[in-house]
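Listed below, chain by chain, are the residues.
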Amino acid sequence: MLARSLWGVEDLFARPEMEWRPVSPALARMRRTVLCLLAAALTALSLVLALLVSVPAWAGALAVLVVLGSAVAGWVLIGRNVRWWGYAEREEDLYIKHGALFRELVVVPYGRMQYVDVQAGPLDQAFGVATVRLHTASPGTSARIPGLPAEEAARLRDRLTSLGEAQAAGL
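Residues numbered from 1 in each chain as written. Predicted model: local features only at pLDDT ≥ 70, side-chain atom pairs only at ≥ 80, totals over all residues. Heavy atoms only, no water.

**Description of the nonpolar core**
Okay, step 1: Within the largest apolar cluster, 28 residues are counted, with the highest numbers of intra-cluster contacts made by Leu94, Ile96, Leu134, Ile145, Leu148 and Leu160.
Okay, step 2: Of all the elements in the fold, those that place two or more residues in this core are α1 (26–53), α2 (57–84), β3 (93–98), β4 (104–109), β5 (113–119), β6 (129–136), β7 (143–149) and α4 (150–169).
Okay, step 3: In contact with Leu94, other than residues within four places in its own chain, are Tyr87, Ala88, Glu89, Val106, Val107, Val108, Tyr110, Leu134, Ile145 and Leu160. (Core = buried A, V, L, I, M, F, W, Y, C linked by side-chain atoms within 4.5 Å. Buried < 20%, exposed > 50% of the residue type's maximum accessible area, 1.4 Å probe, protein only. Helix = DSSP H or I, 4+ residues; strand = E, 2+ residues; numbered from the N terminus. Contact = heavy atoms within 4.5 Å.)

See below:
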């Protein structure tokens, strides 16, 4: 039986019987580092512009407060977003969930996968994480799992590839 949500509607995001695996906390650290660097750059830019244009002190202070307030809100939202990412490997399909406010649950049957892609940019590599992206015949399927430890990304890539080949061979 599906769980009920706050509004009495059937919960489309009920957990499967399998255990959800979270993404790495390094994903939150990476995103928060980028946020802090961006906030520092915007704060410095606000102060320099305030001095060059000679705006009132309260306007410069307000600009800095807006940047810092946005950074605090971003810090909280990043943590919340990373906590909602997860995946569950089942016998015939892979469940991927994310989103706190705008929730999304993607179910990818192993037999529908065409290939599995692992991506890690310079920043991802510095934090030891990677993104696993699943490609299916449907262009509308955007199945990706960001922030996996590099070893887990390689393990998942190999497992999904072998399961996809086995499921496709059985068709």
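Still more ground to cover, so stick around.
**Overview of the sheet that holds β6**
Okay, step 1: What the 3 strands build is an open sheet, ordered β5-β6-β7; its pairing is antiparallel. Two strands in the sheet have a free side with no partner beyond their single neighbour: β5 and β7. Strand-to-strand, the axes of this sheet are offset by a mean angle of 20 degrees, without reference to chain direction.
Okay, step 2: Here β5 runs beside β6; their pairing, made up of 6 bridges, is antiparallel. Looking at β6, one finds that Tyr115 is bridged to His135. (Pairing = 2+ DSSP bridges. Axes fitted to C-alpha atoms, helices over the stretch in contact; angles between N-to-C directions.)

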